[in-house]
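What the coordinates show
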Amino acid sequence: MVSPGIMADADSNSLLSLVSFLLFLLITATAVTGDSLDSDSQVLLNFKSYLESWNPTERGKYNEWDTEKQEVCQWPGITCTPEGSRVTGISLRGSTISGPIFGNFSALTQLTFLDLSSNTIGGSIPDDLSRCHRLKHLNLSHNIIGGELSLSGLSNLEVLDLSVNKISGDVHSTFPLICNSLVVANLSTNNFSGRIDDIFNECRYLKYVDLRYNGFSGGIWAGFRRLVKFSVSGNRLSGNISAFMFRGKCNLQVLDLSGNGFVGEFPGQVSNCQNLNVLDLWGNNFRGNIPAELGSISSLRGLHLGNNMFYRDIPETLLNLSNLVFLGLSRNNFGGDVQEIFGRFTQVKYLVLYGNSYVGGIYSSNILTLPNLSRLDLSYNNFSGRLPSEISQNLTFLILAYNNFSGDIPRKYGNMPGLQALDLSFNRLTGSIPASFGKLTSLLWLMLANNSLSGEIPREIGNCSSLLWLNVANNQLSGGLYPELTNMGSNPTPTFEVNRQSEDYIVAGSGECLVMKRWIPAEFPPFIFGLESLTKRSCRSLWDHVREGKCIFPVCPPGSTVGPLDVSGYLQLSGNKMSGEVPANISQMKKLSMLHLGFNEFEGKLPIEIGQLPLVFLNLTRNKFSGQIPQQIGNIYNLQNLDLSYNNFSGNFPTSLNDLNEMSKFNISYNPFIHGVIPSRGQLATFGKDSFLGNPLLQLPSFFNQPGNNNSSSGERDNGREEEEDDESAIDMLAFCWSTVSFYVVALIGTLVLIYFDCPWCRCFHSIFEKQVVLKSFLISCWIFLIKEKA
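To start, this report covers the structure provided alongside it. Everything numeric in this text was worked out from a predicted model, so none of it was measured.

Here we come to the sheet that holds strand E26 (residues 384-386). One open sheet accounts for three strands, arranged E26-E28-E30; its pairing is parallel. Across the chains shown, the open sheet's two edge strands, defined by having one partner strand only, are E26 and strand E30 (428-429). Across three bridges, E26 lies against strand E28 (residues 404-407) in parallel orientation. Looking at E28, one finds that Arg386 is bridged to Ser406.

Shown next, in the form of C-alpha cells:
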C-alpha cells in the first residue's frame with residue numbers, strides 16, 4: 001500500500017510545475033509592452049504589485065511609486081533618458097525584496113541598468129531577463145538565486161555581477177555569447193562548476209573577472225594576463241602555471257590563485273606584469289624556488305606565498321620591493337631558525353610566518369625590531385625559552401600562540417600604545433599578568449589561555465577601554481572579579497574608528513581564518529553564527545568587520561526577543577582558582593554576550609543585575625554560588641546556553657526561566673537546596689531529567705520518570721503522530737490546490753484567447769482579470785507551500 005506521504009510527494013512535484021507555469025502565464029497575460037513612458041509606467045506598476053504580493057509587510061522604496069504623486073522619472077530608484085521619455089534604469093538595492101525575479105523586465109524596451117542586489121530574491125533567473133537586449137549593467141548579487149545561468153541574449157552587457165548567490169552548473173551557455181562588450185564579470189561565491197579554460201577567449205574588452213569560491217575545475221584560462229584583476233581563489237583548478245601565460249602585454253594589478261591545486265614551479269615571467277599590486281598564491285602545491293624575478297615588480301604591495309612547498313631560501317631581490325606592505329610565507333615548513341633576511345624587510349608592515357616549524361632565530365633575524373612592523377604572527381612554531389622583551393613599539397598585532405615559550409610575560413608589552421591584539425595562549429608561561437597592560441587602551445583581544453599563569457587579574461585591566469575579548473581560561477589565577485574590571489571594553493569606538501580609517505587594504509589575505517577560529521570561541525553561542533559564516537569564502541571580510549566594530553553577531557538586549565546584529569564581547573575566566581563574589585556593576589558590560597566563570601571558586605549570591613546583560617551564554621558550573629537564582633535571568637530572552645550546575649543555590653526555583661524560548665542547553669544539576677516545581681509545559685519541559693540531577697527537593701514533571709519516556713523518545717513519538725497529521729494535511733492542501741488551479745488554468749487560457757481578438761469587451765474582461773489579486777495571492781501561497789513540501 002502506498003503511504004500518504006509518497007502520494008503527497010508525487011502530486012506535489014507535478015503541481016509545483018503547474019503552479020510555476022501558471023504564475024508565468026499570469027504575469028505574461030498582464031504584461032504591458034510598448035514604446036512610451038506610459039507603457040513603461042504600467043510595467044513598473046505591475047512590478048510594484050508583484051513585489052507587494054511577495055512582500056506584504058516590509059517594503060522598500062518601490063512602495064512609493066505612484067503616478068498620482070510623482071512623475072515616473074522621479075520615482076525612487078528609477079532613471080530615465082535625459083529628455084524623460086523612457087525608463088532606462090531600476091535600482092532597488094537593499095529593498096527587502098523576496099520571492100522570484102519579476103518575469104517581464106523585457107517590456108521595458110529601453111532598460112539598460114538593473115540592480116536588485118542585497119535582497120533575498122530566490123528562484124532562478126527567468127528567460128525573460130535574457131530578452132532585455134539593451135541591458136548594459138546587471139547586478140543580482142547578494143541574493144539566494146539558484147538554478148543555472150542562461151543569459152545568452154544580453155549581447156550589450158558591460159557589467160555582470162551575480163556574486164553571493166546559489167547559482168549552479170557550468171557557464172558555457174552564457175559565455176562567450178555575452179562577451180561583445182563585457183568589462184566586468186563577477187560570479188564569485190556561487191556553486192558554479194565545469195571548466196573555464198576557454199570561456200573568455202572572445203571577451204575583447206574584459207578587465208575584471210572574479211570567480212572566487214565556486215567549484216570550477218580543470219586548467220586555468222591562459223589569457224588572464226590582459227585583465228586588470230583575475231581571481232579564482234577557492235576553486236578546484238589544477239595543473240601548472242606556464243611561463244607563456246605571462247608573455248606579451250600584461251595589465252594585471254591583482255592575481256589571486258589561492259586555494260586551488262596548482263602544482264610545479266611558479267614562473268619568473270610573472271615579472272612581465274609590472275603593474276601588479278597583489279600576488280596571492282596561498283594554499284596550492286607550488287614547489288621549488290621563490291622566483292627571484294618578483295623583486296623587479298616595484299608596484300607589488302602584497303605577496304602571499306603561504307601554505308605551499310617553496311624552498312626556504314628567500315631571494316635577496318625581494319628586498320628591492322620598496323612598496324611591499326604584506327609578506328606572508330606561513331606553512332611552508334621551513335624548519336630551523338627564522339631566516340636572517342626577514343630582518344631586512346624594513347618596508348614591511350605585516351609579516352606572517354606561522355606554521356613553519358621554526359625553533360629559533362627570533363633574535364638573530366632581527367624581525368622584532370623592524371621599524372614599520374605592525375603585525376607579527378609567529379604562532380604554531382616550536383620556539384622555546386623566554387618571551388622576547390625587546391620588541392617594536394609600533395606593533396598592533398603580536399601573535400606568539402602555540403609555541404613552547406616559558407617564564408614571565410615581559411612588562412614592556414604594556415608599552416605598545418597601538419597594540420590591538422596580544423595572543424600568548426597555549427605556551428608554558430608562568431608568573432602574573434603585568435599590571436602595565438592597563439595602559440593598552442587600544443587592546444581589543446587579550447588571549448592568555450592555557451598557560452600556568454598565577455596571581456590576580458590586575459585591576460588596571462579595567463582601564464583597557466577597548467578590551468572586548470578577554471580569555472585567560474585554564475591557568476592558575478586567583479583573586480576575584482573585581483568591580484574595576486567591569487570597566488574593560490567600555491569604549492572601543494576610538495580603536496574601531498582607527499581601523500575604519502586605515503588604508504591598508506592589503507592586510508587581509510593570510511592567517512585570518514586561523515586567527516578568527518582561535519579568537520572566536522565557535523563552540524559557544526552566539527559565536528556559532530560566526531563559525532557558520534567562517535568559511536574560506538568569508539573569513540577575510542569577517543576579519544575586517546570585527547576589526548572595524550561592524551555588527552556580525554546576533555545580540556538580544558535584555559527584555560527583547562529581537563536580536564539585532566552587534567559586537568559580541570566575551571569574558572572567559574574558566575578553569576582557574578578565582579574566588580569572591582560577582583560584583584553588581586557587571587551590568588556595565590553592555591556588549592558582553594558570553595560569560596564563562598565555570599570551574600573556579602566564586603561564592604556568594606549571584607547579583608540580580610546579571611539579568612541586564614545581553615548574554616547568549618552563561619556558565620557558572622562548579623563554583624560555590626549560594627542563595628536564590630535571580631528571577632531576572634528570565635529576562636535574557638536570547639539566552640541559549642545556561643549552566644548553573646554543581647553550586648549551592650537554594651530557595652525557590654525561578655519559573656521565569658521557562659520563558660527562555662531560545663535556550664537549547666540547560667543544566668541545574670547538583671544544587672541540592674533548590675526546591676519548587678518544574679513546569680510540565682514550556683521550554684524547561686524540553687530538557688531531559690539529566691538537566692535536574694541531584695536536586696531532591698525539586699518536583700519534576702511525571703513523564704521525566706517514565707521508563708523509555710525520556711525527552712528524545714517522547715519527541716520521536718510525537719514526531720511520528722505529527723508526520724501522519726502533516727501527510728493528511730498535505731494531501732488536503734494538494735487536493736485544494738489541484739481543483740482550484742485547474743479552474744484558473746481554463747479561465748486563463750480563455751482570457752488569452754479573448755485578448756488575441758482585441759475587441760473592446762475583450763479588453764474590458766482583460767482589465768478585470770488583470771486585477772485578480774486573490775488569484776495571484778492564492779498561486780503564490782500554493783507555490784510557497786509546494787516549495788516547503790519539496791524541501
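The next thing to look at is the pattern of salt bridges. Throughout the structure, instances matching the rule amount to 12 salt bridges. A salt bridge links Arg86 to Asp40, with the nearest nitrogen and oxygen atoms 2.8 Å apart. Of this pair, Arg86 sits in the loop between strand E1 (78-80) and strand E2 (87-91) while Asp40 sits in helix H2 (residues 37-54); the two residues are 46 residues apart in sequence, bridging distant segments of the chain. A relative accessible area of 0% places Asp40 in the buried class. In this structure, Glu316 engages Arg344 in a salt bridge whose closest nitrogen and oxygen atoms are separated by 2.6 Å. Here the residue Glu316 occupies a position in the loop between strand E20 (309-310) and strand E21 (326-328), and Arg344 occupies one in the loop between strand E22 (336-337) and strand E23 (350-352), the gap between them amounting to 28 residues.

Attention now goes to the state of the cysteines. Considering all chains together, one arrives at three disulfides under this definition. Disulfide partner of Cys179: Cys203, at an S-S distance of 1.8 Å. Here Cys179 is found in the loop between strand E8 (168-169) and strand E9 (184-186), whereas its partner Cys203 is found in the loop between strand E10 (191-194) and strand E11 (208-210), with 24 residues between them in sequence. Like Cys203, Cys179 is buried. At a sulfur-sulfur separation of 2.0 Å, the disulfide partner of Cys250 is Cys273. Looking down the S-S bond of the Cys250 and Cys273 bridge, the torsion is 90°, so its handedness is right-handed. Taken as a pair, Cys250 in the loop between strand E14 (236-240) and strand E15 (254-256) and Cys273 in the loop between strand E16 (261-264) and strand E17 (278-280) lie far apart in primary sequence, 23 residues in all.

The rules we used
Residues numbered from 1 in each chain as written. Predicted model: local features only at pLDDT ≥ 70, side-chain atom pairs only at ≥ 80, totals over all residues. Heavy atoms only, no water. Pairing = 2+ DSSP bridges. Helix = DSSP H or I, 4+ residues; strand = E, 2+ residues; numbered from the N terminus. Salt bridge = Lys/Arg side-chain N within 4 Å of Asp/Glu carboxyl O. Buried < 20%, exposed > 50% of the residue type's maximum accessible area, 1.4 Å probe, protein only. Disulfide = S-S within 2.5 Å.

As far as function goes, none of this settles anything; it's purely spatial.
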